[in-house]
Amino acid sequence: MRLQRLFLALATAALLAGGGCAAIDAKQREMIFQPSDRLWPRSDQQGMQEVWITHPHRVEADQEGASHEARLHALWLDGQRADAPVLLYLHGARWNVSGSTARMRRMQSLGFAVLAVDYQGFGQSSKGLPSEASARADAQAAWDWLADQYPDRPRFIFGHSLGGAIAVDLATRVPDVRGLIVEGTFTRIADVARTFKWGWLPFQPFITQPFDSVDKVPQLKAPLLVVHGSADQLIPSSLGQRLYEAAPTPKRWVLVDGATHHNAGALGLAQYRVALQQLWPAELGQGRSTTADKGRDRN
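Keep in mind that what you see is a predicted model, and the values were worked out from it rather than measured.

Student: Which residues make up the pattern of salt bridges, and what values do they have?
Tutor: Going through the model one piece at a time under the given rule, you end up with 18 salt bridges. Its salt-bridge partner being Lys216, residue Glu132 comes within 3.8 Å of it at the nearest N-O pair. Of this pair, Glu132 sits in helix H4 (residues 132-149) while Lys216 is found in helix H7 (residues 213-216), placing the two residues 84 residues apart along the sequence. What makes Glu132 buried here is its relative accessible area of 17%. In this structure, a network of salt bridges that share partners links the residues Arg188, Asp191, Arg194, Asp212, Asp215 and Arg242.

Student: With reference to specific residues and values, describe helix H8 (residues 237-246).
Tutor: Along H8, the positions that sit buried rather than exposed are Leu239, Gly240, Leu243 and Tyr244. Along the axis of H8, the buried positions cluster into a sector of 145 degrees, meaning they face one direction only.

Student: Let's hear about the environment of Ala246: which residues, and what values?
Tutor: Following the sequence through the fold, Ala246 ends up in helix H8. Separated by 29 residues in the primary sequence, Ala246 and Val217 place their C-alpha atoms 6.7 Å from one another.

Student: An account of the environment of Gly285 is needed here, citing residue identities and associated values.
Tutor: Along the chain, the position of Gly285 falls in the segment after helix H11 (281-284). Taking the C-alpha atoms as reference points, Gly285 and Leu110, separated by 175 residues in sequence, lie 9.9 Å from one another.

Student: Outline the pairing of strand E8 (residues 251-256), supporting the account with residue identities and numerical values.
Tutor: One face of the sheet, then the other: side chains in a regular strand alternate in exactly this way. Across six bridges, the pairing between strand E7 (residues 224-229) and E8 is parallel. Bridge assignment links Val226 to a residue of E8, and that residue is Trp253. Viewed along the sheet, the connection from E7 through H8 into E8 turns out right-handed.

Student: Could you give me a rundown of the packing of aromatic side chains, with the residues and numbers involved?
Tutor: Under the counting rule described, the total for this entry stands at 11 aromatic pairs. With a centroid separation of 5.1 Å and an interplanar angle of 85 degrees, the aromatic rings of Phe156 and Trp280 are classed as edge-to-face. With Phe156 in strand E5 (residues 155-160) and Trp280 in the loop between helix H10 (269-279) and H11, this pair connects stretches of sequence that are 124 residues apart. As far as the burial class goes, Phe156 and Trp280 line up, both buried. Taken together, the aromatic side chains of Phe33, Tyr119, Phe122 and Phe211 make up a single cluster linked through ring pairs.

Student: Please give an account of unusual backbone geometry that cites residues and values.
Tutor: Here the amide bond leading from Thr249 into Pro250 is cis, since omega sits at 0 degrees, within 30 degrees of zero. The backbone phi angle of Gln34 is positive, close to 50 degrees, even though this residue is not glycine. Since its relative accessible area comes to 16%, Gln34 is described here as buried. With a phi angle near 45 degrees, Phe211 is a residue other than glycine that sits in the positive phi range. Among the structural elements, Phe211 can be located in the loop between helix H6 (189-194) and H7.

Student: For the confidence of the model for the protein chain, give the residues involved together with the corresponding values.
Tutor: When pLDDT is averaged along the protein chain, the result is 87; 83% of the residues meet or exceed 70. Here residues 11-19 is modelled with pLDDT under 50, and outside its nearest four sequence neighbours on either side it reaches 12 contacts, counting other chains as well. Throughout residues 287-299 the model reports pLDDT below 50, and contacts reaching past four residues in sequence, or to other chains, amount to 37 contacts.

Student: Before we move on, could you go through the nonpolar core and cite the residues and values that matter?
Tutor: Of all hydrophobic cores here, the largest spans 51 residues; its most connected members are Leu88, Leu90, Leu115, Ile157, Leu180, Phe186 and Phe211. Residues within four places of Leu90 in sequence aside, it is in contact with Val117, Tyr119, Ala139, Ile157, Phe158, Gly159, His160, Gly163, Ile166 and Ala167.

Student: Which residues make up the environment of Val217, and what are the values?
Tutor: Structurally, Val217 is set in the loop between H7 and E7. Residue classification places Val217 among the buried residues on the basis of a relative accessible area of 1%. Along the sequence, Val217 and Ala165 sit 52 residues apart, while their C-alpha atoms lie 9.6 Å from each other. Contacts of Val217, omitting those with residues within four sequence positions, involve Val168, Thr172, Leu224, Leu243, Ala246, Ala247 and Pro248.

Basis of the calculations
- Think of each chain on its own: its residues are numbered from 1, step by step along the sequence as written.
- In keeping with the predicted nature of the model, local features appear solely for residues at pLDDT of at least 70, side-chain atom pairs appear and are counted solely at 80 or more, and the whole-chain, interface and lining totals rest on all residues.
- Heavy atoms throughout the structure, all of them, feed into the side-chain values; hydrogens and water do not.
- Throughout this description, the term salt bridge denotes a Lys or Arg side-chain nitrogen within 4 Å of a carboxyl oxygen of Asp or Glu.
- Each helix is a run of DSSP H or I of at least 4 residues and each strand a run of E of at least 2, with the numbering of both proceeding from the N terminus.
- Burial classification: accessible surface area is computed with a 1.4 Å probe over protein chains only, and a residue below 20% of its type maximum counts as buried, one above 50% as exposed, and the rest as partly exposed.
- Within this analysis, the arc is defined by the directions that extend from the helix axis to the C-beta atoms.
- Strand pairing is assigned whenever DSSP detects at least two bridges linking the two strands.
- Crossovers are marked right-handed if the path from the first strand over the helix to the second runs clockwise, as seen with the strands pointing away from the viewer.
- Each Phe, Tyr or Trp ring (for Trp, its six-membered ring) is paired with any other whose centre lies within 6.5 Å, and the angle between the two planes then decides the class: stacked below 30 degrees, edge-to-face above 60, tilted in between.
- Summary of the metric used: pLDDT quantifies the predictor's per-residue confidence within the range 0 to 100.
- The contact definition used throughout considers only heavy atoms, calling two residues in contact when any of these lie within 4.5 Å.
- Residues enter a nonpolar core if they are buried and are Ala, Val, Leu, Ile, Met, Phe, Trp, Tyr or Cys, with the set joined through side-chain atoms within 4.5 Å.

And the structure:
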């Protein structure tokens with residue numbers, strides 16, 4: 001897998017004390033995010049509205065701190081109820097919003113209206129190589145758009161895989177988040193690398209994109225739901241559980257038996273619903289689902 005090759009390259013660089021810092025940083029960003037503008041064949045955008053969000057963003061390569069206007073593409077799926085709480089959906093590596101529509105509909109079936117946004121470098125958003133810093137700025141801009149458009153509705157954040165790390169960061173910085181939901185995510189990038197067979201190699205000093213969720217999540221002021229598949233071979237469920245254990249209460253841990261990195265939401269839909277109603281009874285306790293997608297998906 002690309003992520004494994006990345007950290008093998010970092011370990012080799014550490015052992016040889018070679019390679020420029022800029023080159024190492026760029027390679028990490030490329031292989032961690034795996035940005036894509038492809039259209040996914042199973043994408044179903046019927047009933048979804050395109051949204052464009054702009055925000056000024058500092059160009060990281062510019063030593064003088066010059067900024068450009070980032071233009072983000074997003075999809076909006078309104079709720080099944082007029083007063084449905086709104087959810088900011090942050091996707092993981094490689095998948096963009098066109099590959100996230102099945103998960104969006106699933107979150108709608110659980111009671112949310114959903115805004116899914118592409119980071120810079122993904123889909124139709126501004127071109128360029130994304131980074132932890134640029135994704136953080138993009139998530140903030142999408143959150144501000146939701147706050148401006150739906151100030152009277154409760155607002156939640158959801159992140160899958162790498163998007164879970166972006167979601168944790170955002171949720172610990174904004175005061176008006178009602179809840180955080182993460183699925184198939186991790187503690188920090190270094191911990192993911194340690195699960196590989198060569199994880200003992202000294203790559204850590206070369207990590208420029210740490211995504212250190214486990215140190216941030218204790219600052220969370222909103223309830224947390226952590227979902228993971230027991231058969232996740234990309235990000236072991238032990239990392240999701242460690243993230244859960246580091247978080248303050250109230251919180252819920254949902255382990256979906258037999259689910260992989262890609263289908264925990266589909267297989268664990270009933271468990272999702274119960275946990276949501278336990279954590280947020282006022283907002284989602286009365287939610288109903290008649291169109292839940294119970295099939296397996298790959299996004």
